[in-house]
Amino acid sequence: MTFRTRLFLAITLLLVVTLGTAFASVFVVVHRSELRDLDEALFEAAQEEALEIVVAGNETQIGGNPVSTGDDGSRLVKYAAVYAADGHVLAQTPSFSCGAPPLDTVLHRRGVPFDLTCGSVNLRAVFARLPQHEEDRLLLAVPRTQLDDDARFLIQTMVVALVSSIAIGAVVARLLVRGLTRDHEAIATVARRVANGDLKARISTKSKNPEMVQLTRDVDEMIIRLEQLVHSQERFVAHAAHELRSPVTAIYGELSLALRKTRDAPGYRQAIEHALESTKQLKSLAEELLVFARIGANEAKLAPVRLSEVVASAVSAVKDAMAPRVVVIDTSCDASFIEGHARDLERLVRNLVENAVRHSPDGSHVTVTASTVDDEVRLSVADEGSGIPEADRARIFEPFFRGAADRASEEGAGLGLAIVSEIARAHRGQVHLESDRKKGACFVVRFAVPPALVESA
Ligand SMILES: Nc1ncnc2c1ncn2[C@@H]1O[C@H](COP(=O)(O)OP(=O)(O)OP(=O)(O)O)[C@@H](O)[C@H]1O
Ligand SMILES: [Mg+2]
């Protein structure tokens, strides 16, 4: 059942309950008031009638006048009977065609009205005292016909009014609900389209309600972000496939050529070496892709990591990998800690130092520092190399972006800095390139540090 239908049913139900209760209350009030008027008139009539009873010896006579009730003075058929103390009926009007009821079946306190039936006629009755014969009592009753007719008419009128009010209310509720839920429906429709893969779907609302306008804007913004994310994922996959294809093509070419053309042993060896070179490229690219995919999804518990240790092991790994290069790597680290994953942080430092060494002339220095300033840990990697051209600065953190000079080289895929940026983000940090350097490049990573860790350092 849709939200719109549920809301409509809820409002209609509320309407039925509210109107039903209101109409029932009105009926009860009106009916009671009429009954009270009748009872009061009946009681007065009974007292007057008691005065007119004539008791002569053994004979008791009841007057023949009809009973008049209410302000309109309407006259009603009189049902009267006089009972002796032992219940014996001393006199009764002929209207009691079925006979006056036995006293013990109708005995009520004097002055308290009650219901009575005589054949098919419903009566309202009351007992009154005879002033001249205290032990005798007069039963005076009148038909309830007028009262019951009024009640029936009231019920019929109210049922018609209730049904029409509910019908009109339901139509109004339907229009109201449609107006109120138009924007929700629009959002739900767009959500369904997005769920089915249509990222071009947008909510176009004409609503003037500021909350709705804001919600619509937020949902549209969310879809735009989602679209950008999906596009960037698609671009990433296309780049990755492209990067993977180059070494695979090289291996395939090298091996099929070696198979087709018979060579001597050194020739085969050379072919294998070439294939191995491409395999290494493939392996390092696959590793980088895996790292990139894994960042942020690392479910291992965060632990305090001392940056000096991370820097030492990253620098040693880079030195081993770049052994023929003569670049001096200086490190200056205090006892700073951050909370994170040591392996990822080591990867971050290694990527930055690798880049620095790769772009540094032989004999130059690369400086790695780690220090805590106020509530921030700063890690920087600076070199004395070529620096980064102004035009490339905005894009160097994009996956697969490589500078013009690096594109020709077979080394690297352009994932290093993207990985650095993701690892920094996963550690509540941020990486940026310092812009005011005259020589070389300097990358700075800033981490927020939990105060407790800074103190313990
Ligand atoms: N220290 C640096 N000096 C000069 N240019 C740099 C430096 N670090 C990065 N760059 C530029 O930024 C580009 C992107 O760097 P990134 O580390 O992402 O990729 P890569 O080093 O080319 O490949 P990978 O890191 O995947 O092996 C590089 O191609 C290079 O042009
Ligand atoms: Mg790199």
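A. Inspection of the overall build of the protein at higher detail. Along the protein, the regular secondary structure elements total ten helices and 16 strands. For 457 residues, the compact-globule formula gives about 23 Å, and the C-alpha radius of gyration of the protein, at 51 Å, lies well above that figure. Overall size of the protein, expressed as C-alpha extent along the three principal axes, is 155 × 60 × 40 Å. Across the 457 residues in the protein, those meeting the buried criterion constitute 36%. Residue pairs in contact within the protein that sit at least 24 positions apart in sequence constitute 63% of those at least 6 positions apart. Accessible area of the protein: about 27,200 Å², with a carbon and sulfur share of 57%. Each charge class in the protein can be summarised by its mean position, and for the 52 positive and 61 negative side chains these summaries are 10 Å apart.

B. Summary view of the domain arrangement of the protein. Assigned domains of the protein: these are domain 1 (3-150), domain 2 (202-294) and domain 3 (301-456). Once you take the C-alpha centre of each, domain 2 and domain 3 turn out to be 24 Å apart. At the junction of the two partners, domain 2 supplies eleven residues and domain 3 supplies twelve residues. Our count for the domain 2 to domain 3 interface comes out at two salt bridges.

C. Summary view of the sheet that holds strand S6 (residues 89-92). Read across the sheet, five strands follow the order S6-S5-S9-S8-S7 without closing on themselves; strand pairing throughout is antiparallel. Unpaired on one side and paired on the other, S6 and strand S7 (114-118) mark the two borders of the sheet. On average, each strand axis in the sheet is tilted by 30° relative to the strand beside it, whichever way the strands run. Both strand S5 (residues 79-83) and S6 contribute to a ladder of three bridges, which runs antiparallel. Following the sheet pairing, Val-82 is matched in S6 by Ala-91. Sheet strands touched by helix H1 (residues 3-52): strand S8 (121-130) and strand S9 (133-143). Its angle to S8, the strand with the most contacts, is close to 45°.

D. Representation of the site of ligand 1. Neighbouring residues of ligand 1: 21 residues in total, closest Asn-355, Asp-383, Gly-403, Leu-415 and Leu-417. Side-chain polar atom of Asp-383 to a nitrogen atom of ligand 1: 2.9 Å apart, as the coordinates give it. Within the contact set of ligand 1, an oxygen atom lies 3.1 Å away from a backbone nitrogen or oxygen of Gly-416. In isolation ligand 1 has 600 Å² of accessible area, and contact with the protein removes 96% of it. Listed by contribution, the elements that provide at least two residues to the shell around ligand 1 are helix H7 (342-358) and helix H9 (416-426). Here the element with the most residues in the shell around ligand 1 is H7; it accounts for three residues.

E. Expanded view of the state of the cysteines. A full pass over the atoms with the stated rule returns one disulfide. What pairs with Cys-98 in a disulfide is Cys-118, and their sulfur atoms sit 2.4 Å apart. For the disulfide bridge between Cys-98 and Cys-118, the dihedral angle about the S-S bond is near -135°, and by the sign convention the bridge is left-handed. One end of the pair, Cys-98, is in the loop between S6 and helix H2 (103-106); the other, Cys-118, is in strand S7, and 20 residues separate them in sequence. Taking the relative accessible area as the measure of exposure, Cys-98 reaches 47% and is therefore partly exposed. Free cysteine: Cys-333, not disulfide-bonded; nearest cysteine sulfur from Cys-442 at 13 Å.

F. Structural view of the pattern of salt bridges. The full count for this structure, using the stated rule, is 20 salt bridges. With its nearest N and O atoms 4.0 Å apart, the salt bridge here joins Arg-347 to Glu-288. With a gap of 59 residues between them, Arg-347 in helix H7 and Glu-288 in helix H5 (residues 265-294) connect regions that are remote in the sequence. For the pair formed by Arg-347 and Glu-288, the shared burial category is buried. Here Arg-294 ties to Asp-344 by a salt bridge, and the two come within 3.3 Å at their closest N and O atoms.

What counts, and where the lines are drawn
- Residues numbered from 1 in each chain as written.
- Chains lettered and ligands numbered in written order.
- Predicted model: local features only at pLDDT ≥ 70, side-chain atom pairs only at ≥ 80, totals over all residues.
- Heavy atoms only, no water.
- Helix = DSSP H or I, 4+ residues; strand = E, 2+ residues; numbered from the N terminus.
- Rg over C-alpha atoms; globule rule 2.2 N^0.38 Å.
- Buried < 20%, exposed > 50% of the residue type's maximum accessible area, 1.4 Å probe, protein only.
- Contact = heavy atoms within 4.5 Å.
- Areas by Shrake-Rupley, 256 points an atom, 1.4 Å probe, with all protein chains shown as cover.
- Lys, Arg positive; Asp, Glu negative; His and termini not counted.
- Charge placed at Lys NZ, Arg CZ, Asp CG, Glu CD.
- Domains from an automatic or database assignment.
- Salt bridge = Lys/Arg side-chain N within 4 Å of Asp/Glu carboxyl O.
- Pairing = 2+ DSSP bridges.
- Axes fitted to C-alpha atoms, helices over the stretch in contact; angles between N-to-C directions.
- Near = heavy atom within 4 Å.
- Polar contact = N/O pair within 3.5 Å; in protein donor to acceptor, adjacent residues only side chain to side chain.
- Disulfide = S-S within 2.5 Å.

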